[in-house]
Amino acid sequence: MAEHLGDRLGRLRRLGDQTQEGLAERAGVSVDVIRKLEQRRKHSARLPTLHALAKGLGVELTALLGDPPGVPSNGDADPPQLVAVRRAIMPPLFAPLPEPADAKALTLTLLKKTIAEGWTLYHRAEFGRLMDVLPDVLADARFLAAVGTADQRAAGQAALGKALQLGGHLAIRMGKTDLALSALERAMVAAEQSSDPLLAPMISNSVAWNYQRQNRLPDAERLAVHAADSLSREGVTTLEGMRVWGGLVMSAATSVARSGDYETAGGMMHTAEVAAGRLGGLPSTADGRMVSVFSRSSVRIERVRLAVQHARPDEALTLARGMRLSSDTPVSWRTWLLLDVARAHTDLGNAEGAVRALQSLRRVAPGWMRHHTLAVSIVSDLWAGPVRPSGLRPLAEFLGVTTQQPPGE
């Protein structure tokens, strides 16, 4: 079973030579919360609290949350798949890149289709398969970005930027935020040489997400707001443009909320929701898999998430009730919704409702369920509760949460 949040908190606190009281003062968090976490009497905490604790400890949020499954946290070398991805993102210095073996058959249309399929793998949490194919995708994109006419090279740069952005997202999910920044910096260079005016703001959104993972909330907010404002000044006239702009507004709102200002974040989310209502009247010009996730569904999912994170479970369940997800809502976003609904039910003492949501999640996205520390924390809370509803044990066994003895045994 993965290391408990309280164990990581205690270990990081002792490494920093801090007392519980000292950390509480630096983080602005109740010392009682720290004690309960370290004593395993509390299995999770609100995301703003976790950000505050990470800041007080002087570490990235990912260090406190723990590495995702499949990423070693014991000092071992990266697995070969991840080494290959790292090498593809950052090719060997001062050496010419080899030409792809099937260069003559390679076309921009085929490459874009492959990149779109890569994003589908990402949203399905099929990270192993994605790591297998991404190095070749990046090699093909670099080749097309360097050959042909000026227009062909610009189109190739757009594909390269999108492939590098995908590599950045994968690295974030693998807990490698510095590798992610390297990928996204290279993606931005490609975007500036590309024929896609929306690529740079999309990559800015990805960098903002990486900053959130590193607990750099002010940096994340400023970057998302700047990119959204720049896009507004240039004019948003297409469906894809509105999706990119809306995604940036949601990203900025998330950073504001995690910094503790829920009311301001709520106003920003309302602005995004109004904009999402106008999507149907705009012309579409590109494959939706290659553009930011933004729709009425995604805005509502994010609102549910923020309500849960700010101890408003009743509001979260009201927002989620009767929600009809659009057909293009990725599995990753459906995962967040079901997790947040389960968390809200848990906070309200409705263990049966939480289990139902988690059972739905296991049916819809078992891969994502294994990749979320939130799923483990919710099941841990339920497993430690006085009553274990029907259906909890299979979930606990699926996630490895079976170490505590049932009450009375």
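Fair warning: this is a prediction, and the values are worked out from it, not measured in the lab. Every chain is numbered on its own, with residues counted from 1 as its sequence reads. Where local features are concerned, this predicted model is filtered to residues with pLDDT of at least 70; where side-chain atom pairs are given and counted, the filter is 80 or more; whole-chain, interface and lining totals use all residues. Side-chain numbers here rest on the full set of heavy atoms in the structure, without hydrogens or water.

Colleague: Whenever I open this one, the overall build of the protein confuses me. Can you help?
Modeller: The helix and strand tally for the protein stands at 21 helices and 0 strands. Taken along its principal axes, the extent of the C-alpha atoms in the protein is 75 × 50 × 40 Å. The rule is simple: take the accessible area with a 1.4 Å probe, protein chains only, and divide by the maximum for that residue type; under 20% is buried, over 50% is exposed, in between is partly exposed. In the protein, which comprises 409 residues, the share counted as buried stands at 54%. Contacts in the protein between residues far apart in sequence, at least 24 positions, make up 68% of those at least 6 positions apart. Surface summary for the protein: the accessible area is close to 18800 Å², and the carbon and sulfur share equals 52%. Here a helix means four or more residues in a row that DSSP labels H or I, a strand means two or more in a row labelled E, and each is numbered from the N terminus. Here a residue-residue contact requires only that any non-hydrogen atoms of the pair lie within 4.5 Å. Residue burial considers only the protein chains on display, and all accessible areas are found by Shrake-Rupley using a 1.4 Å probe.

Colleague: Got a minute to help me understand the packing of helix H10 (residues 177-192) against helix H11 (residues 199-213) in this structure?
Modeller: Pairs of packed helices are described in terms of their axes, by the angle between the two and the distance that separates them. Orientation is described by axes fitted as lines to C-alpha atoms, over the contacting stretch for helices, and by angles from 0 to 180 degrees between their N-to-C directions. The contact between H10 and H11 brings their axes to 9 Å, and the two run at 165 degrees. Relative to H11, the element H10 lies roughly antiparallel. In this structure, the crossing between H10 and H11 has a hand that is left-handed. Across the interface between the two elements, Thr 177, Ala 180, Leu 181, Leu 184, Ala 187, Met 188 and Ala 191 of H10 pack against Leu 199, Ala 200, Ile 203, Ser 204, Ser 206, Val 207, Asn 210, Tyr 211 and Arg 213 of H11. In what follows, roughly perpendicular refers to angles from 65 to 115 degrees, roughly parallel to angles under 35, roughly antiparallel to angles over 145, and oblique to any angle outside these ranges. Each helix crossing is assigned a hand: it is left-handed if the near helix lies turned anticlockwise from the far helix by less than a right angle, otherwise right-handed if that turn is clockwise.

Colleague: Honestly, the nonpolar core in this entry has me stumped. Any pointers?
Modeller: For soluble globular proteins, nonpolar side chains are generally found buried alongside one another. If you look at the biggest cluster of nonpolar residues, it comprises 114 residues, and the most contacted ones within it are Phe 294 and Leu 358. Broken down by element, this core gets its largest block of residues, 11 residues, from helix H13 (residues 239-258). When near neighbours in sequence (up to four residues on either side) are disregarded, Phe 294 contacts Met 242, Arg 243, Gly 246, Gly 247, Met 250, Ala 272, Ala 275, Ala 276, Leu 279 and Val 299. Grouping buried Ala, Val, Leu, Ile, Met, Phe, Trp, Tyr and Cys residues that are joined through side-chain atoms within 4.5 Å yields what is termed a nonpolar core. Counting 19 residues, the second-largest nonpolar core is a separate cluster that includes Leu 12, Leu 37, Ala 45 and Ala 52.

Colleague: Any chance you could explain the confidence of the model for the protein here in plain terms?
Modeller: Parts of the prediction with low pLDDT should not have their coordinates interpreted in detail. Every residue is assigned a pLDDT by the predictor, reflecting its confidence on a scale from 0 to 100. Across the protein, pLDDT averages 87, with 94% of residues at or above 70. For the protein, helix H5 (residues 61-65) is the element with the lowest average pLDDT, namely 75, and H10 is the one with the highest, namely 96. Residue range residues 69-75 is modelled with pLDDT below 50. Its contacts to residues more than four positions away, or to other chains, number 9 contacts. Contacts from residues 404-409, a stretch scored under 50 in pLDDT, to residues over four places away or in other chains number 10 contacts.

Colleague: Even after reading the chapter, I still don't get helix H9 (residues 150-173), so can you show me in this structure?
Modeller: Quick reminder: α-helices carry 3.6 residues per turn. Residues three or four places apart thus point the same way. To estimate the expected span of a helix, subtract one from its residue number and multiply by 1.5 Å. Spanning 24 residues, H9 covers 35 Å between terminal C-alpha atoms, matching the ideal 34 Å at 1.5 Å per step. Among the 24 residues in H9, 20 count as buried, and that is most of the element. Backbone geometry just after H9 places Gly 175 at a positive phi near 80 degrees.

Colleague: Quick question: what am I supposed to make of the pattern of salt bridges here?
Modeller: Think of a salt bridge as a Lys or Arg side-chain nitrogen and an Asp or Glu carboxyl oxygen that are within 4 Å of each other. Within this structure, the stated rule accounts for 16 salt bridges. Residue Glu 302 pairs with Arg 305 through a salt bridge whose shortest N-O separation is 3.5 Å. Of this pair, Glu 302 and Arg 305 both sit in helix H15 (residues 296-309), 3 residues apart, roughly one helical turn. When the shortest N-O distance is used, the salt bridge between Glu 315 and Arg 312 registers 3.7 Å.

Colleague: Looking at this structure, I do not really get the packing of H11 against helix H12 (residues 217-234). What am I missing?
Modeller: Following both chains from N to C, one finds H11 and H12 inclined at 165 degrees, their axes separated by 8 Å at the closest point. One finds that H11 runs roughly antiparallel with respect to H12. Along this stretch, H11 crosses H12, giving a crossing that reads as left-handed. Touching Pro 201, Ser 204, Val 207, Ala 208, Tyr 211 and Gln 212 of H11 are Leu 217, Asp 219, Ala 220, Leu 223, Ala 224, Ala 227 and Leu 231, all from H12. Grouping the amino acids of the contact of H11 with H12 by side-chain chemistry returns 10 nonpolar, 2 polar and 1 charged. Asp, Glu, Lys and Arg are counted as charged, while Ala, Val, Leu, Ile, Met, Phe, Trp, Tyr, Cys and Pro are counted as nonpolar; the rest, among them Gly, fall into the polar class.

Colleague: What exactly am I supposed to notice about the environment of Leu 348 here?
Modeller: Relative to the elements of secondary structure, Leu 348 occurs in the loop between helix H17 (331-347) and helix H18 (351-364). Relative accessible area serves as the criterion here: at 41%, Leu 348 is assigned to the partly exposed category. Distance from Leu 348 to Val 59, taken between C-alpha atoms, is 31 Å for residues 289 residues apart in sequence. In contact with Leu 348, other than residues within four places in its own chain, are Pro 313, Asp 314 and Leu 317.

Colleague: Any chance you could explain the packing of aromatic side chains here in plain terms?
Modeller: For any pair of aromatic rings, geometry is given as the distance between the ring centres together with the angle between the planes. To pair, rings of Phe, Tyr and Trp, with the six-membered ring standing in for Trp, must have centres within 6.5 Å; the planes then decide the type, stacked if under 30 degrees apart, edge-to-face if over 60, and tilted in the middle. Applying the stated criterion across every chain yields a total of 4 aromatic pairs. A centroid spacing of 5.9 Å and a plane angle of 50 degrees characterise the contact between Tyr 122 and Phe 127, whose relative ring orientation is tilted. Look at Tyr 122 and you get buried, because its relative accessible area is 4%. Through a chain of ring-to-ring contacts, three or more aromatic side chains come together here, namely Trp 119, Tyr 122, Phe 127 and Trp 368.

Colleague: In this structure, what is going on with the side chain of Gln 214? I would like to understand it.
Modeller: By the element assignment, Gln 214 lies in the loop between H11 and H12. For Gln 214, a relative accessible area of 8% translates into the label buried. For this analysis, a polar contact is any N or O atom pair within 3.5 Å, provided that within protein one partner can donate a hydrogen and the other can accept it, and provided that sequence-adjacent residues contribute only side-chain to side-chain pairs. At a separation of 3.2 Å, a polar atom in the side chain of Gln 214 contacts the side chain of Thr 177. With sequence-adjacent residues up to four places away left out, Gln 214 is seen in contact with Glu 60, Leu 61, Thr 177, Asp 178 and Leu 181.

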